[in-house]
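Below, each chain spelled out in residue letters.
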Amino acid sequence: MSRDEAVPAYVPPPAIKINEIGFDDIRAALRAGWRDFTRAPLIGLFFGAIYVAGGILILLLLSVYHQPWWIIPIAVGFPLIGPFVAVGLYEVSRRLAAGQPIVWGEVLSVIWAQRSRQIGWMAFVVLFIFWMWLYEVRMLLAIFLGFKSFSSIDAFLTVVTTTAEGLGFLAVGTVVGAFLSFILFCTTVVAIPLLLDRETDLITAIIASFRSVFRNPAPMIGWGFIVATLMALALLPVFLGLLVVLPVLGHATWHLYTRVVAPP
């Protein structure tokens, strides 16, 4: 290249603008999530069934290895990976909003394509926090209860709810778990749908996600409580409630993202 040839100037990507939202937007996102689920119920049930199967498999493995009480901390932490599993649901909602047909092969191919994009790195972040949660439970068990072995979930619950050591474990574990959940919520609530929607880097997406929470603390934290409550209720009937709750929340998260993050 000669000296006279101009070097193309670097054009930075457009800044990500975060909108202000209210509780009306939360309600609208939930209604839109339910509407998308009813418009494409089979694909929603498919993704929900993957989640249910994973939970039941973990429960069976813990029973085989005679540690069924571990299902409680795992069940509490298991929904942490929900946002990553919901990538397919985001794509379905995006296609419905754009008036595009819902073709199974195309939706699955979009999910497969994420292995070479930034969402793949986000999976490591999500799983790392999930691992931290399990490590924290193990550490608190050692501190408060020693390395006791519980023969059943009932025995574990009895110790946790009727002894001073168990109540201490429960109190500290709740505080630490809530902190980890808040960090993960701030990290992913906008970042994962943003990474699916646009070509941007992981750090930019995470910063935008934190900004969305800090600019709209009341509605976004309210959304987090709604998600946590519905997911907890869905876990009660042996994870089966996730068949419906997970896809509805996945679709709703996409619609909330489109309200929080302004179009480029």
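Going by the structure above, here's the rest.
Not measured: the values here are computed from a predicted model. (Residues numbered from 1 in each chain as written. Predicted model: local features only at pLDDT ≥ 70, side-chain atom pairs only at ≥ 80, totals over all residues. Heavy atoms only, no water.)

Novice: Please set out the packing of helix H1 (residues 23-39) against helix H13 (residues 242-260) residue by residue, giving values where relevant.
Specialist: Between H1 and H13, whose axes approach to 7 Å, the crossing angle comes to 130 degrees. In terms of axis orientation, H1 runs oblique to H13. Crossing of H1 against H13: the hand is right-handed. Contacts from Asp25, Ile26, Ala28, Ala29, Leu30, Ala32, Gly33, Trp34, Arg35, Asp36 and Phe37 in H1 reach Leu243, Val244, Pro247, Val248, Leu249, His251, Ala252, His255, Leu256 and Arg259 in H13. For the contact of H1 with H13, the residue count by class is 14 nonpolar, three polar and four charged. (Axes fitted to C-alpha atoms, helices over the stretch in contact; angles between N-to-C directions. Helix = DSSP H or I, 4+ residues; strand = E, 2+ residues; numbered from the N terminus. Parallel < 35°, antiparallel > 145°, perpendicular 65-115°, else oblique. Left-handed = near helix turned anticlockwise from the far one by under 90°. Contact = heavy atoms within 4.5 Å. Nonpolar A, V, L, I, M, F, W, Y, C, P; charged D, E, K, R; others polar.)

Novice: Describe in detail the packing of aromatic side chains, supporting the description with residues and values.
Specialist: With the rule as written, the count across this model stands at six aromatic pairs. Plain terms: the ring middles of Phe46 and Phe47 are 5.3 Å apart, the flat faces sit at 70 degrees to each other, and that makes the pair edge-to-face. Residue class for Phe46 comes out partly exposed when judged on its relative accessible area of 33%. With a relative accessible area of 4%, Phe47 lands in the buried category. Ring pairs connect the aromatic residues Phe46, Phe47 and Trp104, which therefore count as one cluster. (Phe/Tyr/Trp six-rings, centres within 6.5 Å; stacked < 30°, edge-to-face > 60°. Buried < 20%, exposed > 50% of the residue type's maximum accessible area, 1.4 Å probe, protein only.)

Novice: So what about the environment of Phe144? Which residues, and what values?
Specialist: Note on placement: Phe144 falls in helix H7 (residues 118-145). Separated by 23 residues in the primary sequence, Phe144 and Leu167 have C-alpha atoms spaced 9.1 Å apart. Setting aside anything within four residues of it in sequence, one finds Phe144 in contact with Glu165, Gly168, Phe169 and Val172.

Novice: For the pattern of salt bridges, give the residues involved together with the corresponding values.
Specialist: As a working rule, side chains carrying opposite charge can pair if their charged atoms are close by. Per the stated rule, a full pass over the model turns up six salt bridges. Notably, a salt bridge pairs Arg259 with Asp25, separated by 2.7 Å at the nearest N-O pair. One end of the pair, Arg259, is in helix H13; the other, Asp25, is in helix H1, and 234 residues separate them in sequence. Notably, a salt bridge pairs Glu91 with Arg95, separated by 2.7 Å at the nearest N-O pair. A residue pair is termed a helical-turn pair when its members lie 3 or 4 positions apart in one helix, as Glu91 and Arg95 do in helix H5 (residues 87-98) at four residues. Residues Glu91 and Arg95 agree in their burial class; the two are buried. Overlapping salt bridges bring together Glu91, Arg94, Arg95 and Glu106 as one network. (Salt bridge = Lys/Arg side-chain N within 4 Å of Asp/Glu carboxyl O.)

Novice: Tell me about the environment of Gly88, and please be specific about residues and values.
Specialist: Mapping Gly88 onto the fold places it in helix H5. The exposure class of Gly88 is buried, given its relative accessible area of 0%. Distance from Gly88 to His251, taken between C-alpha atoms, is 9.4 Å for residues 163 residues apart in sequence. Among all residues touching Gly88, those that are not within four sequence positions of it are Phe47, Val107 and Ile111.

Novice: Tell me what's going on with a nonpolar patch on the surface, and back it up with residues and numbers.
Specialist: Together, Trp34, Leu42, Leu45, Phe46, Ile50, Trp104, Leu108 and Val244 make up an exposed nonpolar region whose accessible area comes to about 730 Å². Elements supplying a minimum of two residues to the nonpolar patch: helix H2 (41-64) and helix H6 (104-113). With four residues, the single largest contributor to the nonpolar patch is H2. Structurally, the position occupied by Leu42 is in helix H2. (Patch = residues over 30% accessible without salt bridge, like charges linked within 9 Å, V, L, I, M, F, W, Y side chains within 5 Å. Areas by Shrake-Rupley, 256 points an atom, 1.4 Å probe, with all protein chains shown as cover.)

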